[in-house]
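Take a look at the letters that make up each chain.
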Amino acid sequence: MYIELTVKTTSREQLVNITEQINALLAAAGVKEGCCTIFVSHTTAAITVNEDADPDVASDLLGFLQKMVPLKGGYSHREGNSDAHIKASLLGCSLHLIVREGSLDLGTWQGVFLAEFDGPRTRLVKIWVD
Ligand code: ZN
């Protein structure tokens, strides 16, 4: 089963918790269990699982990536957003998760985050459940 989720980001760099939106789409589609592939079809955004209890975790992750991959780094790419491309590759563009009892089977402190590195933009998240 194929499901799409559109996410509008509001700043250049941002981690958007999309766990509840995905769970709502799974429930609306009547999915009870299966394997869920979640794919972000962009080159300057990514997807990751991390703690959703303390928002400082998300801001620390973004801050660490900014230090590791600065905005201006002597890159060749003419568009001027090489840092965003590199950060997107570091986190990756897909996840493979378990669906059980009608929702994502995550750990207590885990959430699914769309990672925006060149926003604000409208991002498409593609979900396949089998
Ligand atoms: Zn670019």
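Structure's up top.
A brief look at the structure comes next. Remember, it's a predicted structure, so these values are computed and weren't measured experimentally.

**Looking at the sheet that holds strand E6 (residues 103-104)**
One open sheet holds the five strands; their spatial order is E1-E8-E3-E5-E6, and the pairing between them is antiparallel. A strand with exactly one partner marks an edge of an open sheet, and here the two such strands are strand E1 (2-8) and E6. Of the pairings in the sheet, the one linking strand E3 (residues 34-40) to strand E8 (residues 122-129) comprises five bridges and is antiparallel in character. What sits directly across from Ile38, in E8, is Ile127.

**Some words on the pairing of E8**
Of the two faces of E8, the one holding Arg123, Val125, Ile127 and Val129 is buried and the one holding Thr122, Leu124, Lys126 and Trp128 is not buried anywhere. Alignment of E1 against E8, held across seven bridges, turns out to be antiparallel. When the bridges of E8 are listed, Leu5 appears paired with Val125.

**A short note on the coordination of the zinc ion**
In this structure, His77 (NE2), Glu79 (OE), Asn81 (OD1) and His85 (NE2) serve as the protein donors to the zinc ion, at separations of 1.9 to 2.2 Å. Each donor residue of the zinc ion belongs to the same chain, with the gaps between them written as H-x1-E-x1-N-x3-H. With relative accessibility at 3%, the residue Asn81 sits in the buried group.

**Thoughts on the environment of Ala29**
On the secondary structure map, Ala29 appears in the loop between helix H1 (19-28) and E3. Look at Ala29 and you get partly exposed, because its relative accessible area is 30%. When the C-alpha positions of Ala29 and Ile3 are compared, they lie 8.4 Å apart, and in sequence the two are 26 residues distant. Contacts of Ala29, omitting those with residues within four sequence positions, involve Met1 and Ile3.

**Quick notes on the sheet that holds strand E4 (residues 45-51)**
With respect to topology, three strands assemble into an open sheet ordered E2-E7-E4, the strand pairing being antiparallel. Two strands in the sheet have a free side with no partner beyond their single neighbour: strand E2 (14-17) and E4. Here the average twist between neighbouring strands, direction ignored, is 35°. The sheet strands contacting helix H2 (residues 55-68) are E2 and E4, and the helix crosses E2 at an angle near 145°.

**Topic: the nonpolar core**
By size, the foremost hydrophobic cluster in this structure holds 22 residues, and its most contacted members are Ile18, Ile22, Ile38 and Val125. Contributions of two or more residues to this core are made by E1, H1, E3, E4, strand E5 (94-100), strand E7 (110-116) and E8. In this view, Val125 contacts Ile3, Glu4, Leu5, Val7, Ile18, Ile38, Phe39, Val40, Ile47 and Leu114; residues no more than four positions away in its chain are not counted.

**Let's talk about H2**
If you check H2, its first and last C-alpha atoms are 20 Å apart, about what 14 residues at 1.5 Å a residue would give, namely 20 Å. Three or more residues of H2 are buried, namely Ala58, Leu62 and Leu65. Angularly, the buried residues of H2 cover 65° about the axis, an arc narrow enough to put them on a single face. Exposed side chains of H2 directed beyond 90 degrees from the buried face belong to Asp60 and Lys67. Against E2 and helix H3 (82-91) lie the buried residues of H2.

Cut-offs applied
Residues numbered from 1 in each chain as written. Predicted model: local features only at pLDDT ≥ 70, side-chain atom pairs only at ≥ 80, totals over all residues. Heavy atoms only, no water. Pairing = 2+ DSSP bridges. Helix = DSSP H or I, 4+ residues; strand = E, 2+ residues; numbered from the N terminus. Buried < 20%, exposed > 50% of the residue type's maximum accessible area, 1.4 Å probe, protein only. Donors = N, O, S within 2.8 Å, 3.2 Å for Na, K, Ca; no water. Contact = heavy atoms within 4.5 Å. Axes fitted to C-alpha atoms, helices over the stretch in contact; angles between N-to-C directions. Core = buried A, V, L, I, M, F, W, Y, C linked by side-chain atoms within 4.5 Å. Expected span 1.5 Å × (residues − 1). Arc of directions from axis to C-beta.

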